[in-house]
Amino acid sequence: MKQTIVVKLMPMPEQAASLLQTLETFNAACNWIASVAYRKRTANKFKLQRLVYHEARERFGLSAQMAVRAIAKVCEAYKRDKRKRPSFRPHGAMTYDERIYSLKGCEAVSLLTLDGRVLVPILFGLHQA
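What you see is a predicted model, and the numbers here were worked out from it, not measured in a lab. (Residues numbered from 1 in each chain as written. Predicted model: local features only at pLDDT ≥ 70, side-chain atom pairs only at ≥ 80, totals over all residues. Heavy atoms only, no water.)

A. Representation of the sheet that holds strand E4 (residues 116–124) in the model. Pairing within the open sheet is antiparallel, and its four strands lie in the order E1-E4-E3-E2. Both edges of this open sheet fall to strand E1 (7–9) and strand E2 (101–104), since each of them pairs with a single strand only. Looking at each pair of strands side by side, their axes are set apart by 35 degrees on average, direction ignored. Of the strand pairs in this sheet, E2 and strand E3 (residues 108–113) are connected by four bridges, and their pairing is antiparallel. The residue bridging Ser102 from the neighbouring strand is Ser110, located in E3. On the sheet, helix H1 (residues 13–40) packs against E3 and E4 and is oriented at approximately 110 degrees with respect to E4. (Pairing = 2+ DSSP bridges. Helix = DSSP H or I, 4+ residues; strand = E, 2+ residues; numbered from the N terminus. Axes fitted to C-alpha atoms, helices over the stretch in contact; angles between N-to-C directions. Contact = heavy atoms within 4.5 Å.)

Structure representation (structure tokens):
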């Protein structure tokens, strides 16, 4: 069973800038990957990964897991409607998993950015607390 917890990130200004840059770069990578997926007409994650993984990491500076998450995001979007190329907004959602983030108690979360890991203070919502 998956559980969702609502938390508010409380980053310092330099952390916020790094997180924003990471988000924008991740979505730019998704747009590039989507153009390859559309051109090659494939929504198969493994096939697409063979086509774009290394170049996506090199071109956008993504970590290994960020590249894998970007490929998965594109495949999910492209599978919904193969007649058009998916497009991703610069501030669209970025998928985080156990390799990209980790909770550090109830006070902070460690998030991977293009500049390395940042430890960001968090606040829990009233219901979650």
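B. Inspection of the layout of surface pockets at higher detail. The volume enclosed by the largest pocket comes to roughly 460 Å³. Around the largest pocket, the lining comprises 15 residues; the ones closest to its centre are Ile5, Val7, Tyr101, Leu103 and Val109. Those elements giving two or more residues to the lining of the largest pocket turn out to be E1, E2, E3 and E4. Sorting elements by how many residues they give to the lining of the largest pocket places E1 first, with three residues. The residue inventory of the lining of the largest pocket, partitioned by class, reads ten nonpolar, two polar and three charged. (1 Å grid on protein atoms, 1.4 Å probe; cavity = no way out; pocket = protein on both sides within 12 Å on 5 of 7 lines; lining within 4 Å. Points joined across faces, edges and corners; volume = space filled by probe spheres on them. Nonpolar A, V, L, I, M, F, W, Y, C, P; charged D, E, K, R; others polar.)

C. The arrangement of the nonpolar core in detail. Judged by nonpolar contacts, the single largest core of 29 residues is most densely connected at Trp32, Ile33, Leu48, Val52, Ile71 and Val74. When contributions to this core are tallied by element, the ones reaching two or more residues are H1, helix H2 (45–60) and helix H3 (64–80). Once you skip the residues sitting within four places of it in the chain, Ile71 turns out to touch Ile33, Lys45, Leu48, Gln49, Val52 and Tyr53. Grouped together as the second largest cluster of nonpolar side chains are six residues, Leu19, Leu111, Val120 and Ile122 included. (Core = buried A, V, L, I, M, F, W, Y, C linked by side-chain atoms within 4.5 Å. Buried < 20%, exposed > 50% of the residue type's maximum accessible area, 1.4 Å probe, protein only.)

D. Structural context of the environment of Trp32. With respect to the secondary-structure elements, Trp32 resides in helix H1. Relative accessible area serves as the criterion here: at 15%, Trp32 is assigned to the buried category. The sequence separation of Trp32 and Ala56 amounts to 24 residues, and the corresponding C-alpha distance is 8.2 Å. Those residues in contact with Trp32 that lie beyond four places of it in its chain are Val52, Glu55, Ala56, Arg59 and Phe60.

E. Examining the side chain of Arg69 more closely. Its place among the elements puts Arg69 in helix H3. Despite being buried, Arg69 has no salt bridge partner; Asp97 is the closest side chain of opposite charge, sitting 4.3 Å away. Those residues in contact with Arg69 that sit more than four places away from it in its chain are Phe26, Thr95, Asp97 and Ile100. (Lys, Arg positive; Asp, Glu negative; His and termini not counted. Salt bridge = Lys/Arg side-chain N within 4 Å of Asp/Glu carboxyl O.)

F. Broad picture of the packing of aromatic side chains. All chains considered together, the criterion is met by two aromatic pairs. With a centroid separation of 6.1 Å and 50 degrees between ring planes, the pair formed by Trp32 and Phe60 is classed as tilted. Separated by 28 residues along the polypeptide, Trp32 in helix H1 and Phe60 in helix H2 bring together distant segments of the chain. Each member of the pair, Trp32 together with Phe60, is buried. Residues Tyr38 and Tyr78 carry aromatic rings whose centres are separated by 6.3 Å and whose planes lie at 80 degrees to one another, so their mutual orientation is edge-to-face. Residue Tyr38 is located in helix H1, and its partner Tyr78 is located in helix H3; the two are separated by 40 residues in the primary sequence. (Phe/Tyr/Trp six-rings, centres within 6.5 Å; stacked < 30°, edge-to-face > 60°.)

Scope: geometric values only; no functional claims are made or implied.
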